[in-house]
Amino acid sequence: EIVGLAGLVGAGRSEIVRAIIGFDKIDSGDVYFPDQKFIADHPSDAIRAGIAYLTEDRKNEGLFQEMSVEDNIVVASFSRTMASGFYNKAKAFLLATESRNKLRIVTPGIHQKVINLSGGNQQKVMLAKWLLTHPDVLIVDEPTHGIDIGAKYEIYGILKSLAAEGKSILMISSELPELIGLCDRIVVIKEGKVAGEVGEG
């Protein structure tokens, strides 16, 4: 399913997910994943456990702007590019090309620098990077912020397809119509705590 986190700016939505994945320290409470207590001291712990996080700040936190599309896509799945203990450029090229085709990333080539892509295509590169890790849970923070309407609907379609394939998606959005249109359930956050829930129970 797709679960939305709603709330005003500053309500604590992003802080909750950053604590879950190990970016920030948890002050109180427990996280269970899938059915046992889970603590991520570092985002790498979350990645190994099958949790991926698309930050809302793709330019500064989500992508290496001066690196190529290929390098950005494979950077979180470096082990998959190895052959006989060494980085294999051909494997990296194949993985990146498959991801580009699957998500329909518009670029002159996968060696193009990410900084030269549109916002929507940058967002799809970041999504491709995390999908290559084969996560069970995908956390997306403002996934359509700053992109054009066509790219928005492409992102919506990708998220719906992932949920249909059995992925669990936790989505933060400031756009209520977006949450209503995509999510199976919406959890309302106020001052860092759950204030209510709407949707299937």
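Residues numbered from 1 in each chain as written. Predicted model: local features only at pLDDT ≥ 70, side-chain atom pairs only at ≥ 80, totals over all residues. Heavy atoms only, no water.

**Student:** Explain the overall build of the protein here, please?
**Tutor:** Helix and strand counts for the protein come out as eight helices and eight strands. A compact globule built from 201 residues would reach a C-alpha radius of gyration of about 17 Å, and the protein, at 17 Å, matches this within 12%. Along the first, second and third principal axes, the C-alpha atoms of the protein reach 50 × 40 × 30 Å. Residues classed as buried in the protein amount to 46% of the 201 residues present. Taking contacts inside the protein between residues at least 6 apart in sequence as the whole, the part at least 24 apart equals 61%. Surface exposure of the protein reaches about 10,700 Å², of which carbon and sulfur atoms provide 55%. In the protein, 22 side chains carry a positive charge and 27 a negative one; their mean positions are 5 Å apart. (Helix = DSSP H or I, 4+ residues; strand = E, 2+ residues; numbered from the N terminus. Rg over C-alpha atoms; globule rule 2.2 N^0.38 Å. Buried < 20%, exposed > 50% of the residue type's maximum accessible area, 1.4 Å probe, protein only. Contact = heavy atoms within 4.5 Å. Areas by Shrake-Rupley, 256 points an atom, 1.4 Å probe, with all protein chains shown as cover. Lys, Arg positive; Asp, Glu negative; His and termini not counted. Charge placed at Lys NZ, Arg CZ, Asp CG, Glu CD.)

**Student:** Would you explain the sheet that holds strand 2 (residues 51-54) in this entry?
**Tutor:** Strand-to-strand pairing in sheets goes through backbone hydrogen bonds, with the strands running parallel or antiparallel. With mixed pairing, the six strands of this open sheet are ordered in space as 2-5-6-1-7-8. The sheet is open, and its two borders are formed by strand 2 and strand 8 (193-199), each paired with just one other strand. Averaged over all pairs of adjacent strands, the angle between strand axes in this sheet comes to 20°, irrespective of strand direction. Bridging between strand 2 and strand 5 (residues 137-141) involves four bridges; their strand directions are parallel. Each residue of the ladder has a partner; that of Ala52, found in strand 5, is Leu138. (Pairing = 2+ DSSP bridges. Axes fitted to C-alpha atoms, helices over the stretch in contact; angles between N-to-C directions.)

**Student:** I'm lost on the side chain of Glu178 in this one. Help?
**Tutor:** Its location among the elements puts Glu178 in helix 8 (residues 176-182). We note that Glu178 is buried and unpaired, the nearest opposite charge coming from Lys152 at a distance of 5.1 Å. If sequence neighbours within four positions are ignored, Glu178 has contacts with Thr144, Tyr156, Met171 and Ser173. (Salt bridge = Lys/Arg side-chain N within 4 Å of Asp/Glu carboxyl O.)

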